[in-house]
Protein chains: 2
Amino acid sequence: MNINNEHGTTVLRRTADYKPPRSIRTWLVGRPLQTADAPHQTIGKLVGLAVFSSDAMSSVAYAPQEMLIILAAAGMGALGISIPLSLAICGLLVILTLSYEQTIHAYPGGGGAYIVARDNLGEIPALTAGAALLTDYILTVSVSISSGVAQLVSAYPALHDYRVWISVAMVLLVMLINLRGVKESGFAFAIPTYFFLVMMFVTVGVGFVRYLAGTLGVVSAPPMDLMMEHEVLQPITLFLILKAFASGTTALTGVEAISNGITAFKTPRSKNAGTTLIMMAVILGTLMFGITFLGHQMGVLPSETETVISQMARTVFDGRGLVYLLALTSTTVILMMAANTAFADFPRLGALMATDGFLPRQLAYRGSRLVYSYGIAALAIIASLLIIVFQASVTRLIPLYAIGVFLSFTLSQSGMAHRWFKSGRLRLGQKLTERGSTLEHDRSWLFKMIVNGFGALCTLVVMIVFAVTKFSNGAWVVVILIPGLAAIFLTIHRHYARLAQKLSLEHYGRTPHVGRHRVILALGGVHRGTLEALRYARTLSDDITAVHVSIDPIESEKIKDKWETWGNGVRLVILESPYRLLIEPMLEYIEELQQHRQPNELITIVVPQFVSKQIFASVLHTHTADTLRNVLLNREGIVITEVPYQVE
Amino acid sequence: MNINNEHGTTVLRRTADYKPPRSIRTWLVGRPLQTADAPHQTIGKLVGLAVFSSDAMSSVAYAPQEMLIILAAAGMGALGISIPLSLAICGLLVILTLSYEQTIHAYPGGGGAYIVARDNLGEIPALTAGAALLTDYILTVSVSISSGVAQLVSAYPALHDYRVWISVAMVLLVMLINLRGVKESGFAFAIPTYFFLVMMFVTVGVGFVRYLAGTLGVVSAPPMDLMMEHEVLQPITLFLILKAFASGTTALTGVEAISNGITAFKTPRSKNAGTTLIMMAVILGTLMFGITFLGHQMGVLPSETETVISQMARTVFDGRGLVYLLALTSTTVILMMAANTAFADFPRLGALMATDGFLPRQLAYRGSRLVYSYGIAALAIIASLLIIVFQASVTRLIPLYAIGVFLSFTLSQSGMAHRWFKSGRLRLGQKLTERGSTLEHDRSWLFKMIVNGFGALCTLVVMIVFAVTKFSNGAWVVVILIPGLAAIFLTIHRHYARLAQKLSLEHYGRTPHVGRHRVILALGGVHRGTLEALRYARTLSDDITAVHVSIDPIESEKIKDKWETWGNGVRLVILESPYRLLIEPMLEYIEELQQHRQPNELITIVVPQFVSKQIFASVLHTHTADTLRNVLLNREGIVITEVPYQVE
């Protein structure tokens, strides 16, 4: 250790080569990192696309399929409706992209829904956005991993029975990777993302060429499991179409990711991030429409046993060859990357909200590997539970999914619209600084307000459509959960605020003088341990009382005799306990003392505490000291001192 | 409270009308009883028979059946072997009765196997007997309750699927009754026992009369489940016959009960207890032979769905009428009584062994209702687990059962034989007092030694037969368990002995003078809570150091500034923690202090401890204080003082 002595305060500093001790944890998550090691690295557009868009782009692996699953209830003939629906979703994507483009320029420091809502709409909307986002990150993990495993299972049907446990294992794997801390080297992200993009564009491209050439066949032996389920077909109602549309909108989950991560981009940050957003939207839209359109042409059927991507790939590439396997592998990998994104975002938002005092403080602590370990672990546990409960079925998870996404879209864009409105009311050149973000008059505020406002309106409508059409399929859970979470956040905030006020040193006078100091020595027997405790008690005060709770009169008599020899003249009080209770008589005695105490009187309870290094030994002793401590800690003005005696 | 002051010691005594506060526990197990309320009541022969023989006599409900189940493997023709086997068991019963009669007279204070083995054979045999008995009491509960429920299920087959949970519920019911404390009023025992005896003698009696009159039919529609199972019949080997015999010997479990409970009898105790033992043996033998003989005559078949008693009762009484139901009810009730006996014996033996230091001390504490609550609860939990694991099947539980019983028989009688041998070597009139029991020369020591020795030999042979024939059916568990338990008892004993030696005040000089008293104040922040702790620290010593582990340099800077204002001039040490660990730097600092400490130097760590009455709040705080305390408690010479600050 180096010692620096400044202004009477000693600072002990570690030398640079100091390494903390190794443990099993070190092996699992890697050696601890120093705080100074936190990475500061910026990325360009192409890498940025890879880092931030896996969540959005991987959605095409399940969104078209989920539309088809809903439409299947109305029979084979209804599946074609998926094509206009996918066009509608592309339209929604355009609106969202324009809207978020504006957010990116207005919040170059990162404008997630929680921050935008907090700055522009107030506490309740911010907490609602926070609840929606956290819910959503959890579902991103559950849905993406479940869908990734569904791709695997399509290629290797023998794995079907183990899909739940493969999924859970994957969640834990992604968790471990994140606990080690992902060095966001970009490169590691770029490979799988571009691999996926290449495989998808090859699949869709070859499919289109064969379609135009008239050589595109139909899916051979398509999986009939879901189509057979509907013995009586439903009519094609508006409700059914809206429900299918709602399922399809899950393709848009993850679009907001870039606006959260602007600070990671090279300067000019906003410009680079904005361009990346547009690139991502174009790719996403193309793939969404391409997969839906081609799938319909080749007679893809929705199924729980084989994914749409698998059916399409084996039709385009004429069977389950190498290219087919590469296409499915790339899809599985990109879905794992999407889950990985949530593992970065969830703990970061959790830490942000914890710093603001809305979540337990622990979420803001960075672990030995500089990551928010508590948040990562919490996410993995909840997502795994969801996977187990919903048996890794994407179709059963989907109804819980997009509500949170669209709620956060709506709040974020309403916030932006309100911001433009405020900007319009400022005089030219006037500046308004709130919470670190500076607002000034914007000439085109009206246009921008309309864009964001329209975006908010559209996403609000989609959210309501989603909640209504999927309410009975599970959406009700989220409808209850999000306000519930927001209420919990508020309660936590109030607790911390009250605590801070209580502990505040404002209006705190000098501490009063200590008058009398009474010491109570809890006496279970007279032996070396208690004599050590007595020796200690004598250093505290001259006013010592040894108190023994008597259950067995013969035993008490012995203690009395021994105390006369060894007690050093300290007075002994024996509390008779006819009901053989140990703790209660002691508590009553202390209570009586407290009632008669003088102002500024201190009471210290000295408890001899038996300790042993053998875990086994702890079963062999009554933990009276522990119990006493737990009960007395809640009494004001009582200090508990444990004098340990070891027996090893 | 009354206060008595004698020899400088204050004794606080409760007034007689003091009642402890009520709680949910009061409602379940009744209001606490004073130690002075312990019952002192003696009983006569007829009531004694009822109190002590339910375990033994209830065995006839399963022992004949279990013999038949083994014989069934060799087909219908083999079932008749049960008759000579039951005669052999009656012979064994005679030997055991004579042997225990002698024990009763030699140990008028109660001569259980543990005590007899401890006094006459030494520690290891005593511990083996203790382990055997404890194992056995547990199995008595599991087997008796399972058999009781099997009777119920025979009468109401619809209950068959719920038999495991009905059994567990019954165990918990008997546990609750025992936690309340059974007022052994005798009367409560006499009714069900005599009800059972009357019903059994009526059943067997009527059966015999009808057999002699030639009007006894055969069982109509006997249950074929077990007979059908054996597609290929086994030959009738000696092994099979011995195995069936072993199953039948479970009828003898519980025979030792009276010898444990001699003190409960009216004087002349030994004479009354001995007569009761003989009465019990006669009844047990009669029933055992009667049931086996009659059962065979009427073509009773062993089964997992209908008990032998049920088949017999419905054949004797021509169907499932009222008398049939009464016979089955009385059997269920006596089996529950048998379980209840184990609930009295297990905790009593546990307490005895705990007092001797072979089991955790807690087992010797009597709870609020004057019963050994820990022992009762432990018995209920283990017995319930066994019932669940073995699906309440008597047949699957039996192989674990009688080994312990016969091992304890063997040890107890070997002990007695050794005692007579010692008695024979004493001169006339010479007395030998060991562990409170007095031994003198007995004229007929040789005869008595032969009786007990022969008893020991017979039970040893039975035990070996049992262990060998049922080894692969589960007996191996007990063969491993009993020595394992004995080894654990020894380890516990050694632990307590070492502790007592360490704590002993022999050769303990006056405690040394305290030299320096160093106080370390663990500082997480500067607020009202820590200033309270500082105020307290100042009463302990002038040598105070506040120590802060710094994770965030900005935060530490603030703490340093605040401390300059509020720290009262106490020196502050800041420990930099580049790896964001909180506990480890503090530990290292304290270790360094300890290395340089002077002789007789005391170190006290003052830890400000946040406490809240809201349970929910504890999730919102890091429990650094708790962690620190747990780690430091294991270091010698360090005292931990928690200064609480409440925020309610």
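This is a predicted model, so every value here is computed, not measured. Throughout, a residue's number is its position along its own chain's written sequence, starting from 1. All chains are assigned letters beginning at A, and all ligands numbers beginning at 1, according to the order in which they are written. Thresholds applied to this predicted model are a pLDDT of at least 70 for local features of residues and 80 or more for the giving and counting of side-chain atom pairs; totals over whole chains, interfaces and linings are not thresholded and use all residues.

Draft legend 1. Focus on the overall build of chain A. Within chain A, the regular secondary structure consists of 23 helices and nine strands. We call a residue exposed when 12 or fewer other C-beta atoms sit within 10 Å of its C-beta, buried when the count reaches 20 or more, and partly exposed for counts in between; the C-beta positions come from the backbone. Counting over 648 residues, chain A shows a buried share of 48%. Think of it this way: build a C-beta for each residue from its backbone, and any pair within 7 Å is a contact. Within chain A, counting contacts between residues at least 6 apart in sequence, those at least 24 apart form 80% of the total. Every helix listed is a DSSP run of H or I at least four residues long, and every strand listed is a run of E at least two residues long, numbered separately from the N terminus.

Draft legend 2. Highlighting the nonpolar core. In this description, a nonpolar core means buried residues of the types Ala, Val, Leu, Ile, Met, Phe, Trp, Tyr and Cys, linked to one another by C-beta atoms lying within 7 Å. Formed by 153 residues in total, the largest nonpolar core has its most connected members in Y114, L284 and L379 of chain A. It is helix α15 (residues 322-355) of chain A that contributes the most residues to this core, 19 residues altogether. If we skip the residues at most four places from it in the chain, L284 of chain A touches A56, M57, V60, L93 and A251 of chain A. Counting 152 residues, the second largest nonpolar core, distinct from the first, contains A56, L68, V141 and V149 of chain B.

Draft legend 3. Quick peek at unusual backbone geometry. Residue and element names in this part refer to chain A. Here the residue pair T267 and P268 is connected by a cis peptide bond, since its omega of -5° sits within 30 degrees of zero. Topologically, P268 is positioned in the loop between α12 (257-260) and α13 (269-297). The backbone phi angle of D318 is positive, close to 55°, even though this residue is not glycine. Tracing the chain through its elements places D318 in the loop between α14 (308-316) and α15. Take D318: there are 12 C-beta atoms within 10 Å of it, and that puts it in the exposed class.

Draft legend 4. Region of interest: the environment of G637 of chain A. Residues and elements named next belong to chain A. One can find G637 in the loop between α23 (624-632) and β9 (638-646). Assessed through the 12 C-beta atoms surrounding it within 10 Å, G637 is described here as exposed. Separated by 34 residues in the primary sequence, G637 and I603 place their C-alpha atoms 6.8 Å from one another.

Draft legend 5. Representation of helix α23 (residues 624-632) of chain B in the model. Residue and element names in this part refer to chain B. Every buried residue of α23 is accounted for by A625, L628 and L632. Along the long axis of α23, the arc covered by the buried residues comes to 65°, so they all point the same way. Elements in contact with the buried residues of α23: β5 (517-522), α22 (583-595), β8 (602-611) and β9 (638-646). Regarding the arc, it is the one traced by the directions from the helix axis to the C-beta atoms.

Draft legend 6. Summary view of the pairing of β5 of chain B. Residues and elements named next belong to chain B. In this sheet, β8 lies alongside β5 in parallel orientation, the contact comprising five bridges. By the bridge assignment for β8, L521 is matched with V606. Judged from the five bridges that link them, β5 and strand β6 (residues 543-550) form a sheet pairing that is parallel. Bridge pairing in β6 places V519 opposite I544. After leaving β5, the chain enters helix α20 (residues 528-540) and then returns to the sheet as β6, a path that is right-handed. Pairing between strands requires that DSSP locate at least two bridges from one strand to the other. Orienting the strands away from the viewer, one traces the path from the first strand over the helix to the second; a clockwise path indicates a right-handed crossover.

Draft legend 7. Looking closely at α13 of chain A. Multiply 1.5 Å by the residue count of a helix minus one, and that product is the helix's expected span. Spanning 29 residues, α13 of chain A covers 42 Å between terminal C-alpha atoms, matching the ideal 42 Å at 1.5 Å per step. Remark: G299 of chain A follows α13 of chain A within two positions and exhibits a positive phi of approximately 70°.

Draft legend 8. Quick look at the pairing of strand β6 (residues 543-550) of chain A. Residues and elements named next belong to chain A. Here β6 lies mainly inside the structure; six of its eight residues are buried. As paired strands, β6 and strand β7 (residues 571-576) are joined by six bridges and run parallel to one another. Looking across to β7, one finds that S550 is bridged to E576. Each parallel crossover has a hand, and for β6 linked through helix α21 (residues 553-566) to β7 it is right-handed.

Draft legend 9. View of the environment of L133 of chain A. Residues and elements named next belong to chain A. Structurally, L133 is set in helix α7 (residues 123-155). Taking the number of C-beta atoms within 10 Å as the measure of exposure, L133 has 28 and is therefore buried. Residues L133 and D345 lie 212 residues apart in sequence; the distance between their C-alpha atoms is 9.2 Å. The contact partners of L133, leaving out residues within four places of it in the chain, are A113, Y114, L349, G404 and S408.

Draft legend 10. Quick peek at the confidence of the model for chain A. The predictor reports its confidence for every residue as pLDDT, a score running from 0 up to 100. When pLDDT is averaged across chain A, the result is 85; 89% of the residues are at 70 or more. Among the scores for the predicted complex, ipTM is 0.70 and pTM is 0.67.

Draft legend 11. The environment of A344 of chain B, seen in detail. Among the secondary structure elements, A344 of chain B is positioned in helix α15 (residues 322-355). A344 of chain B sits 32 residues away from I376 of chain B along the chain, and the two C-alpha atoms are 8.1 Å apart.

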